[in-house]
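Each chain, letter by letter, is given below.
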Amino acid sequence: MARVVLLFTFYFLLVTFYAQQTPQYTQFMLNNYGMNPAACGTSNNRVEALVGIRRQWIGFDNMPVTSFFNFNTYFGKKGGGFNRGWHGLGAYWQGDRMGTIIKTDDFYASYTYLMRMTRKGFIAFGMAAGARRYGFRINDITDPVLTAKNVWLYPDFIPGVKLWNSKWTFDLSVKQVYKFNAKQGGNMIGSPTKLPSHLYFSAAHKWWARSYLLVVQSLHMKYTFSSLPSFDYNML
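Within every chain, residues take consecutive numbers counted from 1 along the sequence as written. For this predicted model, a pLDDT threshold of at least 70 governs which residues receive local features, and a threshold of 80 or more governs which side-chain atom pairs are given and counted, while totals over whole chains, interfaces and linings are taken from all residues. With hydrogens and water stripped out, all remaining heavy atoms of the structure feed into the side-chain values.

Caption draft 1: Examining the packing of aromatic side chains more closely. Aromatic rings from Phe, Tyr and Trp, taking only the six-membered ring of Trp, are treated as a pair when their centres fall within 6.5 Å; an angle between ring planes under 30 degrees marks them as stacked, one over 60 as edge-to-face, and anything in between as tilted. Evaluated as defined, the whole model comprises 6 aromatic pairs. Measuring from ring centre to ring centre gives 5.3 Å for Phe-122 and Trp-164, while their planes differ by 20°; the resulting arrangement is stacked. Of this pair, Phe-122 sits in strand β5 (residues 122–137) while Trp-164 sits in strand β6 (residues 149–164), and the two are 42 residues apart along the sequence. For the residue pair Phe-122 and Trp-164, the accessibility class agrees, reading buried in each case. Among the aromatic side chains, those forming a connected cluster through ring pairs are Tyr-33, Phe-68 and Tyr-92. One cation-aromatic arrangement involves Arg-46 over Tyr-74; the distance from NZ or CZ to the ring centre is 5.2 Å. Charge over a ring is defined by NZ of Lys or CZ of Arg lying within 6 Å of the ring centre and within 35 degrees of the ring normal. Over the ring of Trp-86 we find Lys-77; its NZ or CZ atom is 4.8 Å from the centre of that ring. Helical segments are the DSSP runs of H or I of at least four residues, strand segments are the runs of E of at least two, and each set is numbered from the N terminus. When accessible area is computed with a 1.4 Å probe and restricted to protein chains, residues below 20% of their type maximum are described as buried, those above 50% as exposed, and intermediate ones as partly exposed.

Given below as structure tokens:
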């Protein structure tokens, strides 16, 4: 177990990051598995499915739209002894449309290993693997660089780790680990463009405001290591 922990720790320390091409959710607490594959199998429900859609700039033509669908389950969960793990499996699709210019589709499948660390604490290691389809199309007759349609299909991997107990939850994941070099036709100006990795970290706390009222607060950070990090705060 110590070797597994060290392996994931060194991975997150050694990965280098470089702009922002992955969708960002303000209601991130409602889509934990979509943010971190290590969340797969942590629900009390044997099977969990989630679908969502976000529309921006309502009333405008070609408004940005982000959609997603995911499901996950677990198996092998027996008893509650220390160092006794169980497994999680899941799949995820996400589509992002920014007018007629940029269209992306992400497809992932994931595996997670979960185990009890202490009497009340748990840890999970997850890895999602799949592919991203990134399309860019714009027609500007005044700029030869922006007159072609470019579509790229490339692999992607998302490692993640999750720590939690009855009151606290901590999530850490990296998206777009495979830093694909996007080239425009004929190696024109601006080619290649390297798609950067994105680091996600969130911390959540649950507490009872009243005997009938459970409050969950969470802070989420997204960082590309090439600009200032962005933060979101949620309370349910």
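Caption draft 2: Structural context of the pattern of salt bridges. Take a side-chain nitrogen of Lys or Arg and a carboxyl oxygen of Asp or Glu: if they are within 4 Å of each other, that pair is a salt bridge. On inspection of all chains with the given rule, the structure shows 3 salt bridges. Measuring nitrogen to oxygen at the nearest pair gives 2.8 Å for the salt bridge that ties Asp-106 to Arg-132. Taken together, the residues Asp-106 in strand β4 (residues 102–116) and Arg-132 in strand β5 connect sequence positions 26 residues apart. Notably, a salt bridge pairs Asp-171 with Lys-162, separated by 3.0 Å at the nearest N-O pair. For Lys-162, a relative accessible area of 5% puts it in the buried group.

Caption draft 3: Molecular detail of the layout of surface pockets. With a 1 Å grid spanning the protein atoms alone, the term cavity applies to any set of points in which a 1.4 Å probe fits but cannot get out, the term pocket to an open set with protein on both sides within 12 Å along at least five of seven lines, and the term lining residue to any residue with an atom within 4 Å of a point. Grid points are joined across faces, edges and corners, and a volume is the space filled by probe spheres set on the points. By volume, the largest pocket amounts to about 920 Å³. Considering the residues around the largest pocket, the lining is formed by 32 residues, among which Asn-32, Thr-42, Lys-162, Thr-169 and Lys-206 are closest to the centre. Elements with a minimum of two residues in the lining of the largest pocket: α2 (32–35), β1 (47–55), β2 (65–75), β6, β7 (168–175), β10 (198–210) and β11 (213–223). Among the elements that line the lining of the largest pocket, the one with the most residues is β10, at 5 residues.

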